[in-house]
Every structure is written in structure tokens, then in C-alpha cells.
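# Structural features, examined
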Amino acid sequence: MKNVGILVSGRGSNMVALLEGMRAHEIDARCALVVSNVPDAPALPKARSYGVSTAVVDQRGTRGAGAREAHDRAVDEALRAAGVEVVCLAGYMRILSAWFVEAWRDRLINIHPSLLPSFPGLHAHRQVLEHGARVSGCTVHFVDAEVDGGPIIAQAAVPVLPGDDEDSLAARVLEQEHRVYPRALQLLCAGRLRVDGRRVVVEAEPLDAPRSLVVPPPRD
Ligand code: GRF
């Protein structure tokens, strides 16, 4: 049973999906700590309602050289004190320092609301619509030094429909986020992911596993 830490900044719907997966024993893990950089993030009371400890590492007043790493060291300290072994970013709106990324390499994952490597960074849905892409989706990936650039663990695709705006597309993608993030975390906690260069190999995945628009499939 792995000890998971979740970093949040906002409403925390992906955090809730992960906590639900743990509660239902679909993820072989327990959440040891939720950390927010935003003191009034709606995710924090939601985490507490699951009986999970929370901490705030406030970013106010931390500008200037070295501030990013200093902030991340405080987050790291809280995570280690709670015995965290795996970290999930769930709407964490801060760029991590190279130091933090290295300290948690191969144990730090993120979800991004596009089919990476297309449309990294902010306003993914806006970018998708501006480019007239016909398909979008979400990606769970290991975090490396490049923003939204690490090895891909799982993806789910959805259509972009005529008439979509950012909100309608975001809602369609979010539904898939809540399916693939728990699945990806379970694969990591079960020790089934191996990083091979910029690719992730899913161990013990049947070669004839059905190929759907959710990869790896929700069940195997
Ligand atoms: C999600 O769309 C996630 O992909 C992105 O930020 C959003 C966070 O939403 N990284 P929530 O806080 O999990 O509801």
C-alpha cells in the first residue's frame, strides 16, 4: 500500500477522483497528505471530508532568486514528514523547480487536459479550439523538467464538437480525466510502469488488450 501525496491549487475534482479510487480499493494506496499553495483552495475542505490531512505552503511573499526552490523544499518537507512515496499533481498551478522534479523523479505524475504533446501549458481547451482540432482529451504523464513534457502513462480521447466552447469541451474532457487518473495511479502504485527513455512501458499488459480511446483501457 503506497502513501500518496496530492498537490492542488483549486477545486480538486481530480483529487476527489483519486480519493474515491482509494476509498473503493481500486487504487492500492492511501492518501497521506494534500498540499495546496492556495490557502482557500476549495480542494482543502473536500480532502478533509475524506479524513485526509491537509497542509498549506503559501506562496505569498516568496519572490526572487531561489524562491521557487525554497517553496518546493517546504512542500517536500511536508510530504516526507507525512511518509509520502508518490506525488500526484491535481490542478497544481505552479511550475515546479528542477530540484523538486529531480527529487521525485519517476514518482511524480500530473494530469493535463489535452492529448500531449499537443497543447501543453495554460488554456489547453482554448488552444484546441483555436487550432480547430477535431479530437482532444487528457494525458497522465510523469513530470520532468519540461512543462507538460514527461513520459506519457495514459490518455483518453474525446471528440471536439461543432459549437463547443471552452466550458463544454472542458466538461467532456474532465469526465475522462476522472477515469484515467485513478487508473494511471493504480498502475504506478502496483509497480507496473517502467520508464524507458521518453516512453512508459506498462508491464503485464496483455498484447491483445482491447484498444479503445482510453489507453491503457480502464480494465484488463
Ligand atoms: C484539470 O483540468 C487538470 O487536467 C488540470 O487542471 C484542472 C484541475 O481541475 N491540470 P480540478 O482541480 O482537478 O478539478
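Residues numbered from 1 in each chain as written. Predicted model: local features only at pLDDT ≥ 70, side-chain atom pairs only at ≥ 80, totals over all residues. Heavy atoms only, no water.

On to the packing of helix α1 (residues 13-23) against helix α6 (residues 166-189). The description of two packed helices rests on the angle between their axes and on the distance between the axes. Contact geometry of α1 with α6 gives a least axis separation of 9 Å together with a crossing angle of 45°. Compared by their axis directions, α1 and α6 come out oblique. Once α1 is placed against α6, the crossing between them reads as right-handed. Side by side, α1 and α6 meet where Ser13, Asn14, Ala17, Leu18 and Met22 of the first sit next to Leu174, Glu177, His178, Tyr181, Pro182 and Leu185 of the second. Looking at side-chain class alone, the contact of α1 with α6 contains seven nonpolar, three polar and one charged residues. (Axes fitted to C-alpha atoms, helices over the stretch in contact; angles between N-to-C directions. Helix = DSSP H or I, 4+ residues; strand = E, 2+ residues; numbered from the N terminus. Parallel < 35°, antiparallel > 145°, perpendicular 65-115°, else oblique. Left-handed = near helix turned anticlockwise from the far one by under 90°. Contact = heavy atoms within 4.5 Å. Nonpolar A, V, L, I, M, F, W, Y, C, P; charged D, E, K, R; others polar.)

This model, assessed by the stated rule, comprises two aromatic pairs. One aromatic cluster in this structure is built from Trp99, Phe100 and Trp104. For the cation-ring pair, Arg73 lies above Trp99, with the distance from its terminal atom to the ring centre recorded as 4.1 Å. (Phe/Tyr/Trp six-rings, centres within 6.5 Å; stacked < 30°, edge-to-face > 60°. Lys NZ or Arg CZ within 6 Å of the ring centre and 35° of its normal.)

As for its placement among the helices and strands, His125 is situated in helix α5 (residues 124-130). A relative accessible area of 12% means that His125 is categorised as buried. C-alpha separation for the pair His125 and Asp165, spaced 40 residues apart in sequence, amounts to 8.4 Å. Setting aside residues up to four positions removed in sequence, His125 forms contacts with Pro113, Glu166, Leu169, Ala170 and Val173. (Buried < 20%, exposed > 50% of the residue type's maximum accessible area, 1.4 Å probe, protein only.)

Moving on, we come to the side chain of Ser36. With respect to the element layout, Ser36 can be found in strand β2 (residues 29-36). Within the local environment of Ser36, its side chain forms a polar contact with the backbone oxygen of Val8, the two atoms lying 3.2 Å apart. If sequence neighbours within four positions are ignored, Ser36 has contacts with Val8, Ser9, Ala41, Leu44, Ala55, Val56 and Val57. (Polar contact = N/O pair within 3.5 Å; in protein donor to acceptor, adjacent residues only side chain to side chain.)

A few words on the environment of Asp165. Here Asp165 lies in the loop between β7 (152-159) and α6. We classify Asp165 as partly exposed; its relative accessible area is 42%. Sequence separation between Asp165 and Leu129 is 36 residues, and the spatial gap between their C-alpha atoms is 7.5 Å. A distance of 3.2 Å separates a polar side-chain atom of Asp165 from the backbone nitrogen of Asp167. There is a polar contact of 2.8 Å between the side chain of Asp165 and the backbone nitrogen of Ser168.

Here we come to the state of the cysteines. One pass over the full model with this rule turns up zero disulfides. Cysteine Cys138 is unpaired, with the sulfur of Cys88 as its nearest cysteine sulfur at 14 Å. On the basis of relative accessible area, Cys138 is assigned to the buried category, the value being 0%. (Disulfide = S-S within 2.5 Å.)

So, about the pattern of salt bridges. By the definition in use, this model includes six salt bridges. For Glu69, the salt bridge identified is with Arg73, shortest N-O distance 2.9 Å. On the criterion of helical spacing, the pair formed by Glu69 and Arg73 is a turn pair, its members being four residues apart in helix α3 (residues 67-81). For Glu69, a relative accessible area of 30% corresponds to the partly exposed category. Between Arg194 and Glu203 there is a salt bridge; the shortest N-O distance is 2.8 Å. For Glu203, a relative accessible area of 31% gives the class partly exposed. (Salt bridge = Lys/Arg side-chain N within 4 Å of Asp/Glu carboxyl O.)

This brings us to the layout of surface pockets. Size it by volume and the largest pocket reaches roughly 1000 Å³. Gly91, Met93, Ile111, His112 and Pro113 are the residues nearest the centre of the largest pocket, which is lined by 39 residues in total. Listing elements by their share of the lining of the largest pocket, those giving two or more residues are α1, α4 (98-103), β5 (108-112), α5 and α6. Considering every element that reaches the lining of the largest pocket, the biggest residue donor is α6, with five residues. (1 Å grid on protein atoms, 1.4 Å probe; cavity = no way out; pocket = protein on both sides within 12 Å on 5 of 7 lines; lining within 4 Å. Points joined across faces, edges and corners; volume = space filled by probe spheres on them.)

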